[in-house]
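So the chains spell out like this:
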Amino acid sequence: MKKYWLIGVVMLVGIMLTVLAVTGSQKTSSNGKGEVMPSVNGQSTEITNQQYTLAQIQAHNAASDCWTTIDGGVYNISKFVTGGMHPGGSRILLACGVDATDLFTGKSPMGRMHSSMARMMLNQYKLGVLE
Ligand code: HEM
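Residues numbered from 1 in each chain as written. Predicted model: local features only at pLDDT ≥ 70, side-chain atom pairs only at ≥ 80, totals over all residues.

Draft legend 1. How the structure looks around the overall build of the protein chain. Scanning the protein chain from terminus to terminus reveals six helices and seven strands. Helices (α) and strands (β) of the protein chain occur, in sequence order from the N terminus, as α-β-β-α-β-α-β-β-β-α-α-α-β. A burial count over the protein chain gives 18% of its 131 residues as buried. The long-range fraction of contacts in the protein chain, counting pairs at least 24 apart against all pairs at least 6 apart in sequence, stands at 52%. (Helix = DSSP H or I, 4+ residues; strand = E, 2+ residues; numbered from the N terminus. Buried ≥ 20, exposed ≤ 12 C-beta atoms within 10 Å, placed from the backbone. Contact = placed C-beta atoms within 7 Å.)

Shown next as structure tokens:
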């Protein structure tokens, strides 16, 4: 009788560990380049504290694969760019693969000082911070 009870406990612990492993692995996924990508529904601090180098950002310099860094934050703005969501039109392409702080804050002549709403919109594309 005691033996069956023990088997039951071992099975229960096994199920619990499996559930933990599955839910844990859904938080992030790898893009095959060793970079941690955000999950579909999550914007956790774990992801926003992920560090990236400028070289990594420079590798994503196309409209369909557009990463940028603004004021030390790192963003994947590909969906915003390809979705034609930018009120400033194709000028946003200047940001792909570079540090766009001066463009976004208007310090560069090609850019413009953006509103706090624009900055809030930027937040939803955050991948992490610049190393
Ligand atoms: C860094 C390169 C960028 C450049 C050169 C740029 C340029 C511009 C320009 C010229 C306008 C004015 C449009 C008009 O004539 O009314 C504008 C507006 C706007 N842009 Fe950008 N933009 C950049 C990046 C971004 C990013 C990354 C976002 C957000 C994800 C963004 C969001 C907006 C919004 C919401 C507006 C409307 C005005 C405002 O709220 O500030 N832009 N942009």
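Draft legend 2. Spotlight on the nonpolar core. Residues Cys66, Trp67, Val74, Tyr75, Ile77, Ala95 and Ala100 are the most contacted members of the largest nonpolar core, which totals 16 residues. Contributing elements (two or more residues each) for this core: strand 5 (65-70), strand 6 (73-76) and helix 5 (101-105). With three residues, the single largest contributor to this core is strand 5. (Core = buried A, V, L, I, M, F, W, Y, C linked by C-beta atoms within 7 Å.)

Draft legend 3. Representation of the site of the ligand in the model. If you check the shell around the ligand, you find 21 residues, and the closest are Gly88, Ala95, Ala100, Leu103 and Ser115. At the level of elements, helix 5 and helix 6 (116-123) are the ones that each hand at least two residues to the shell around the ligand. Here the shell around the ligand is composed, by residue class, of 14 nonpolar, five polar and two charged. (Near = placed C-beta within 6 Å. Nonpolar A, V, L, I, M, F, W, Y, C, P; charged D, E, K, R; others polar.)

Draft legend 4. Spotlight on the pairing of strand 7 (residues 126-130). Two elements, strand 3 (residues 51-52) and strand 7, share two bridges in a ladder whose sense is parallel. Among the inter-strand pairings, tyrosine 52 is bridged to a residue of strand 7, identified as leucine 130. (Pairing = 2+ DSSP bridges.)

Draft legend 5. Representation of the environment of glycine 128. Among the structural elements, glycine 128 can be located in strand 7. The class for glycine 128 is buried, based on 21 C-beta atoms found within 10 Å. Through-space distance from the C-alpha of glycine 128 to that of glutamine 50 is 4.6 Å; in sequence the pair is 78 residues apart.

Draft legend 6. Here's a closer look at the sheet that holds strand 4 (residues 61-62). The five strands are arranged 3-7-6-5-4 in an open sheet whose pairing can be described as mixed. Looking at which strands have only one partner, the edges of the open sheet turn out to be strand 3 and strand 4.

Draft legend 7. Spatial organisation of the pairing of strand 6. For strand 5 and strand 6, the ladder comprises four bridges, and the chain directions are antiparallel. Counted as the bridge partner of threonine 69 is valine 74 from strand 6. Linking strand 5 to strand 6, which pair antiparallel, is a turn of two residues; within it aspartate 71 sits at a positive phi near 50 degrees. As judged from the three bridges shared by strand 6 and strand 7, these two strands associate in the antiparallel manner. The residue bridging tyrosine 75 from the neighbouring strand is lysine 126, located in strand 7.

Draft legend 8. Inspection of the confidence of the model for the protein chain at higher detail. Per-residue confidence for the protein chain averages 82 on the pLDDT scale, and 68% of its residues sit at or above 70. A low-confidence stretch, residues 23-29 stays under pLDDT 50, and its non-local contacts, those more than four residues away or across chains, total ten contacts. Low pLDDT (under 50) marks residues 39-43, which in the prediction has eight contacts with non-local residues, meaning those over four places away or in another chain. (pLDDT = per-residue confidence, 0-100.)

Draft legend 9. Seen up close, unusual backbone geometry. Residue aspartate 71 is not a glycine yet carries a positive backbone phi of 50 degrees. For aspartate 71, the location among the structural elements is in the loop between strand 5 and strand 6.

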